[in-house]
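Here is what each chain is made of, one letter per residue.
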Amino acid sequence: MGWEKVNEKLKNKYKSDFVSCDELNERSYIFQIILEEYPMLSRMMVENALEHYCRITKPPREREHFIKCVARYLGFGEISLN
C-alpha cells in the first residue's frame, strides 16, 4: 500500500489536514494503518514513534508532515505522500 495510501486513508477518514494527538481514536487509527502496512514493525516501535512526534510537535500538527516524521523515525527515510 505505501505511505501514499496511509495518507489517503487518513485524509478520507478525517477530512482534515491536521493530526490531533489528543484524539485517541485518531492516534489509534494511524497506529492501525501503519501496522497493517508494515506488519514487520513491532507495536512498541509504532507507539514510540507516535508518542515521540506527538510530544515534540506542537499543535496544529500538519498531517502530511506528521506522517513523514513518523515514517522517518521508523526507518523509512524521506518519503513522498503525493
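Residues numbered from 1 in each chain as written. Predicted model: local features only at pLDDT ≥ 70, side-chain atom pairs only at ≥ 80, totals over all residues. Heavy atoms only, no water.

## So, the packing of aromatic side chains
Turning to step 1, where the next piece is worked out: Counted under the stated rule, the structure contains two aromatic pairs.
Turning to step 2, where the next piece is worked out: Judged by centre distance (4.3 Å) and plane angle (45°), the ring pair of Tyr38 and Phe76 falls under tilted. Of this pair, Tyr38 sits in the loop between α2 (24–37) and α3 (43–56) while Phe76 sits in the segment after α4 (63–73); the two residues are 38 residues apart in sequence, bridging distant segments of the chain.
Turning to step 3, where the next piece is worked out: Centre to centre, the rings of Tyr53 and Tyr73 are 5.8 Å apart; their planes meet at 90°, and the pair counts as edge-to-face. Of the two residues, Tyr53 is situated in helix α3 and Tyr73 in helix α4; the sequence distance between them amounts to 20 residues. (Phe/Tyr/Trp six-rings, centres within 6.5 Å; stacked < 30°, edge-to-face > 60°. Helix = DSSP H or I, 4+ residues; strand = E, 2+ residues; numbered from the N terminus.)

## Some thoughts on the environment of Val6
Turning to step 1, where the next piece is worked out: By the element assignment, Val6 lies in helix α1 (residues 2–14).
Turning to step 2, where the next piece is worked out: Linking Val6 and Glu37, residues 31 residues apart in sequence, is a C-alpha distance of 7.9 Å.

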